[in-house]
Structures are given as C-alpha cells and as structure tokens.
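Fold and contact review
Letter by letter, the chains look like this.
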Amino acid sequence: MNINSSFSHKKQEPENSVLYIVGTPIGNLNDISLRALNILENVSLIACEDTRQTKKILSKFQIKNTLFSFNEYNSSKRIPKIFYDLKAGKSIALVSDAGLPSICDPGEDLIKKARLNGFKIICIPGPCAALTALVSSGMPSSKFIFFGFLPKKKKDRQILLEEISKSEKTCILYESPHRLKKLLKELKDYCGCEREIQIFRELTKKFEEHIGTNIEMILKFFEDKEVIGEITIVINGIKRENSPEFDKFELKKELNDLINAGLSLSAASKYLAKKKGVQKSIIYNLY
Ligand code: SAM
C-alpha cells in the first residue's frame, strides 16, 4: 500500500529520528486515518501496548512492520533503547491498543522524556473515547474535565467524587463494565439522583449504545442487567443558578434541626438533598 502520494502538501513522512504518536480506532477499524496507515507502514519500528492488538489493525490493512511491546511494566527498560534508535536515525511509532496513546494508556512517560531529550515528536491524531462521548452527549463541550478512571484508594476517590459533584464543567470518566454499577451508586450519593448523565457503551462499534438521562434512570436501566462492553461516562456540570447560595442559612438551619432530632449528618444531608434538589455534598459541607 502506498499512501504517500496523497500527502504531496506535506513533507515526506515518516521523517528520520521522529517519534510519532499514532491514534488508532476505539472499535471500528475503518476509523484509522490514511496518515496513520502511512506512518505505520513506513516507520522503522512500532512500539505497541500489545503487539497482538496492533497486528489486527496491520493485517486488516495488509501492513507488515517490526513491532515491539511498550507498556507500563517494561517502559523504563524500553525508553533508553527507543532513544538509541531515534538517535541512530530510525523513526518510531507509538500506538496503544485503542485510541490515543497516553490517554489512560502507556506513553506519557516516554513522550515527556523524549521532549526533555530534545527528540522531535509528531502526533497523528485519531479517535479518543472521551471526546467521542463528549461531542455525542450534547452537553457543554467547550469546557470540560477529563477524570479518566477514578482512583481505587477510598480517600483519593472521595476527593474526585466531591470535585465532580461541585463541577460546573462537563465531566468525563472511564470505567470498566464490572465496576460501573458501584460507580453509579457513588455518583448518586455525591451528585444526587437528578444530575444529568449519559453512558456511552461500545462507541463506534456494532452495538453502540447511548443511555441517559439522569443517575436514577441509569441505575434503573442497569438494575437487572449485566454491564458488558466498553464504557465512557459524561456528566453535566451543575448550573450556577441552581447553587444553594441564596438559601444557605435556611438549609443550614434545617440540617441542624434534623441532626438535633437524631439523624446522622450523612442521613440528614441525603434527606435534604432529595427534598431540595441540591447536591448532598453541598449540604454536607454546610455543617
Ligand atoms: N486511549 C484510549 C482513548 O483514547 O480513549 C482510552 C484507553 S483506556 C485504557 C480504555 C477505556 O476507554 C475503556 O475502559 C473505556 O472506559 C474507554 N473506551 C475505550 N473504547 C471505548 C468505546 N469504544 N466505547 C466506550 N468507551 C470506550
């Protein structure tokens, strides 16, 4: 396959001694770009998160090249070798199993060190689940926060759930299917039942599904279903006009009354959150 002729406006690619960060499909293999195929076919070497996954794309497009594995476990050993090859004039493509390398995938460390060492880096942009979900959601997309996978450690997780509950910007999260229900329950506790949310399952694939519209409805939707497939979550930011600023004192008084009547802080906050349509964490923090 010779695709270079389509790029007459551009310098002949790949160039020697360049590290190419190549976006690959998040499901539908036809989403690969012509430029990405040209790079994958013509670079000296391809650093792959998993060579078996990359082979699937290459064989679909009848590309043969030299692959080696590059992942979080071997990156410290591989990076010096990559730099050695770049110095020797080789061009190297970095790919992950799906989407953009370094977005919750290996690459960040390599790219940072390559920059520090003065190597030329070129990104061949491609699909990314986070952005595909964001633009499909119809939620505000000019200001957003990407959280990736929430940390497993309880304290770190709580800090981010708290941040999501108060965020005025659209929030994007990744989650594995078997942990989705747990995360949805946590989101319900922190953000309340009514917060607008959409689940994007299997983006770009045959059984792509968009499930909305608020946390309560989504929990119901998955109640007696096994969650399968790849999942990206988009949560709308809170609106300033819904902020409880104006009735803060009234809310605080009600909260105190409930606690004095014997309710725990958590139960009282939960009750008032539901009654007033305000996030539980905001009420909790009034105490
Ligand atoms: N580098 C990738 C990117 O650019 O989107 C993300 C890699 S991360 C290890 C994998 C996670 O991305 C999945 O667990 C899921 O949360 C999300 N994801 C990847 N492909 C997806 C798809 N087709 N539909 C929905 N979410 C997807």
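Residues numbered from 1 in each chain as written. Predicted model: local features only at pLDDT ≥ 70, side-chain atom pairs only at ≥ 80, totals over all residues. Heavy atoms only, no water.

1. Things to note about a nonpolar patch on the surface
Taken together, Leu131, Phe144 and Phe146 make up a surface patch of nonpolar side chains, about 240 Å² in accessible area. Along the chain, Phe144 turns up in strand β6 (residues 144–149). (Patch = residues over 30% accessible without salt bridge, like charges linked within 9 Å, V, L, I, M, F, W, Y side chains within 5 Å. Areas by Shrake-Rupley, 256 points an atom, 1.4 Å probe, with all protein chains shown as cover. Salt bridge = Lys/Arg side-chain N within 4 Å of Asp/Glu carboxyl O. Helix = DSSP H or I, 4+ residues; strand = E, 2+ residues; numbered from the N terminus.)

2. As for the sheet that holds β6
Strands sit in the order β6-β7-β10-β8-β9 across an open sheet of five strands; the sheet is mixed. The strands lining the two open edges of the sheet, one partner per strand, are β6 and β9 (209–211). Strand after strand, the sheet turns through a mean of 15 degrees between neighbouring axes, direction not considered. In this structure, strand β7 (residues 170–175) lies alongside strand β10 (residues 231–235), joined through five bridges in antiparallel fashion. Note that in β10 the partner of Cys171 across the bridge is Ile235. Of the strands in this sheet, β8 (197–201) and β9 are in contact with helix α8 (residues 215–222), which crosses β8 at around 35 degrees. (Pairing = 2+ DSSP bridges. Axes fitted to C-alpha atoms, helices over the stretch in contact; angles between N-to-C directions. Contact = heavy atoms within 4.5 Å.)

3. Regarding the nonpolar core
Counting residues in hydrophobic clusters, the biggest one holds 23 residues, and the most contacted among them are Ile164, Leu173, Leu184, Leu187, Ile199 and Ile233. Elements supplying a minimum of two residues to this core: α6 (154–166), β7, α7 (180–191), β8, α8 and β10. The element best represented in this core is α7, accounting for six residues. Apart from residues lying up to four places away in sequence, Ile199 is in contact with Leu180, Leu184, Glu209, His210, Ile211, Ile218, Phe222, Ile231, Thr232 and Ile233. If you look at the next biggest cluster of nonpolar residues, it comprises 19 residues, including Ile32, Ile39, Cys48 and Phe61. (Core = buried A, V, L, I, M, F, W, Y, C linked by side-chain atoms within 4.5 Å. Buried < 20%, exposed > 50% of the residue type's maximum accessible area, 1.4 Å probe, protein only.)

4. Topic: the domain arrangement of the protein
Split by domain assignment, the protein resolves into domain 1 (4–127), domain 2 (130–239) and domain 3 (244–284). Domain 1 and domain 2 are separated by 30 Å when their C-alpha centres are compared. On the side of domain 2, nine residues touch domain 1, which itself brings six residues to the contact. Around 540 Å² of area is buried between domain 1 and domain 2 when both sides are counted, 69% of it from carbon and sulfur atoms. Where domain 1 touches domain 2, the interface holds zero salt bridges. Inspection of the domain 1/domain 2 interface yields one residue pair in polar contact (both at pLDDT 80 or more). Of the residues that constitute the side of domain 1 that touches domain 2, the class distribution is three nonpolar, two polar and one charged. (Domains from an automatic or database assignment. Buried area = accessible area lost by both parts, 1.4 Å probe. Polar contact = N/O pair within 3.5 Å; in protein donor to acceptor, adjacent residues only side chain to side chain. Nonpolar A, V, L, I, M, F, W, Y, C, P; charged D, E, K, R; others polar.)

5. A look at the site of the ligand
Neighbouring the ligand are 19 residues; Asp105, Ala129, Tyr174, Ile231 and Thr232 lie closest to it. At a separation of 2.8 Å, an oxygen atom of the ligand approaches a polar backbone atom of Ala129. Across the complex, the protein chains shield 90% of the 570 Å² of accessible surface that the ligand would expose by itself. Elements represented by at least two residues in the shell around the ligand include exactly β7 and β10. Looking at the shell around the ligand residue by residue, the class counts come to twelve nonpolar, two polar and five charged. There are two domains that each give the shell around the ligand at least three residues, and those are domain 1 (4–127) and domain 2 (130–239). (Near = heavy atom within 4 Å.)

6. Quick notes on the sheet that holds strand β4 (residues 92–95)
Spatially, the five strands line up as an open sheet ordered β3-β2-β4-β1-β5, and their pairing is parallel. The sheet is open, and its two borders are formed by β3 (67–69) and β5 (120–124), each paired with just one other strand. Strand-to-strand twist across the sheet, computed as the mean angle between neighbouring axes with direction ignored, equals 25 degrees. Where strand β2 (residues 45–48) lies against β3, three bridges are found, and the strand directions are parallel. Residue Ile46 lies in a different strand from β3, and its bridge partner there is Leu67. Its contacts with the sheet put helix α2 (residues 51–60) on β2, β3 and β4, and the angle it makes with β3 is roughly 150 degrees.

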